[in-house]
Amino acid sequence: MTLLYQDRRFLNHETGAHPERSARIRGLDERFQASRLEAKCRRVEWDEVSRKRLSRVHSLAYADEIWAMAKSGGGDMDADTVVSPDSYGVAMLAAGSVIDATERIVRGEDTQALCLVRPPGHHALMNRAMGFCLFNNVALGAVTAIDELEVDRVLIVDWDVHHGNGTQHTFWEDPRVGFFSIHRFPFYPGTGHEDETGGGRGAGTVKNLPVEFGIERADYLALFGDALDKFAAHMKPDLIFISAGFDAHHADPVGSLGLETEDFATLTNIVLDTAATHAAGRVISVLEGGYNPPVLADCLETHLATMAKRTGT
Ligand SMILES: [Zn+2]
């Protein structure tokens, strides 16, 4: 089975006329039921992240800023990032889902999880919201695995069309967490050059694959597969996270890198193969971008179906 993290409360992060809006994930339940994917998943309940755990990635002063803005009725954390009255709790719930998935997967309850969260996380920095992101969900999962659950090495694979600058920054000097990103470049947020490879004891644990607008799909997929093979052999991860953005799809209004829906099955299979080789199949996928709701629903169905096929259900 694949552990599935979905909650109606994720709709309560209200962003108005914004690409990152609740319509992105509305109706996925019905979709998974209609396609019988529901039967191949196990839904679990979980809690918001604790402040102690949150403080491993974010300053509590920053968390309090979000709380205060939410409590006062909401506002803008930065040019792109909105907070509404429920956003603090929703963001704590999103981060909590990835931590719960990490605990369950490391304990051996299952080998795969998919967290369909809002808001996304991979741009969020220690004390700064960025690019629609408040808390770095995937980073919080990775740091929990390493610091609490005695996992030796973790790999984060980020195929969102944007570079995951927040995740890279969090683990820049950490030799235990590898960060692998393929992204459009030059593009928001401006980081992710191939020369960025980690620093200090973390030197060599960051791999960036910047790709230009117009790259052929086959070239993109081959580049991703070859580079991930080599990087995973170098990192030898015990657990893999996916920062799963679907905004590299050709019909995405924000990213539009030219991928087709079926290409996300290919990407998923490449990561699952990598996990089978190094990490006993353990993969936790966390939703990041994807801003064309019907296309995102197609992509998520493809992604989840590809995962579920591996568990033999
Ligand atoms: Zn993105």
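Look above for the structure.
This section reports on the structure supplied with the text.

Analysis parameters
Residues numbered from 1 in each chain as written. Predicted model: local features only at pLDDT ≥ 70, side-chain atom pairs only at ≥ 80, totals over all residues. Heavy atoms only, no water. Helix = DSSP H or I, 4+ residues; strand = E, 2+ residues; numbered from the N terminus. Rg over C-alpha atoms; globule rule 2.2 N^0.38 Å. Buried < 20%, exposed > 50% of the residue type's maximum accessible area, 1.4 Å probe, protein only. Contact = heavy atoms within 4.5 Å. Areas by Shrake-Rupley, 256 points an atom, 1.4 Å probe, with all protein chains shown as cover. Donors = N, O, S within 2.8 Å, 3.2 Å for Na, K, Ca; no water. Tetrahedral: all angles 85-135°; square planar, octahedral: opposite > 155°, others 65-115°. 1 Å grid on protein atoms, 1.4 Å probe; cavity = no way out; pocket = protein on both sides within 12 Å on 5 of 7 lines; lining within 4 Å. Points joined across faces, edges and corners; volume = space filled by probe spheres on them. Nonpolar A, V, L, I, M, F, W, Y, C, P; charged D, E, K, R; others polar. Expected span 1.5 Å × (residues − 1).

It is worth spelling out the overall build of the protein at this point. Scanning the protein for helices and strands turns up nine helices and 10 strands. The C-alpha atoms of the protein give 17 Å as radius of gyration, which agrees with the globular expectation for 313 residues (20 Å, within 12%). For the protein, the spread of C-alpha atoms along the three principal axes comes to 50 × 50 × 40 Å. Per-residue burial for the protein yields a buried fraction of 58% across its 313 residues. Pairs at least 24 residues apart make up 77% of the contacts formed inside the protein by residues separated by at least 6 positions. Surface summary for the protein: the accessible area is close to 11,900 Å², and the carbon and sulfur share equals 48%.

A few words on the coordination of the zinc ion. Note on the zinc ion: its protein donors are D160 (OD), D160 (OD), H162 (ND1) and D247 (OD). The metal-donor distances range over 1.9 to 2.7 Å. For the zinc ion, the four donor atoms in the first shell make angles of 53 to 155° at the metal, a pattern classed as irregular. Mapping the donors of the zinc ion onto the primary sequence yields the spacing D-x1-H-x84-D. Highlighted residues: H162 in the loop between β6 (154-158) and α6 (165-170) and D247 in the loop between β9 (239-244) and α8 (261-278), separated in sequence by 85 residues.

When its volume is computed, the largest pocket comes out at roughly 220 Å³. Taken together, Q6, D7, R8, L11, I25, R26, G27, L28, D29, E30, R43 and L116 form the lining of the largest pocket. With three residues, the top contributor of residues to the lining of the largest pocket is helix α1 (residues 28-34). Looking at the lining of the largest pocket residue by residue, the class counts come to four nonpolar, two polar and six charged.

Under the 1.5 Å per step criterion, the end-to-end length of α8 is 27 Å for 18 residues, consistent within 8% with the ideal 26 Å. Residues D263, F264, A265, L267, T268, I270, V271, L272, T274 and A275 constitute the buried set of α8. On its buried side, α8 packs onto β5 (112-115), β6, α7 (217-235), β9, β10 (283-287) and α9 (293-310). In the segment just after α8, A280 is the residue with positive phi, at about 50°.

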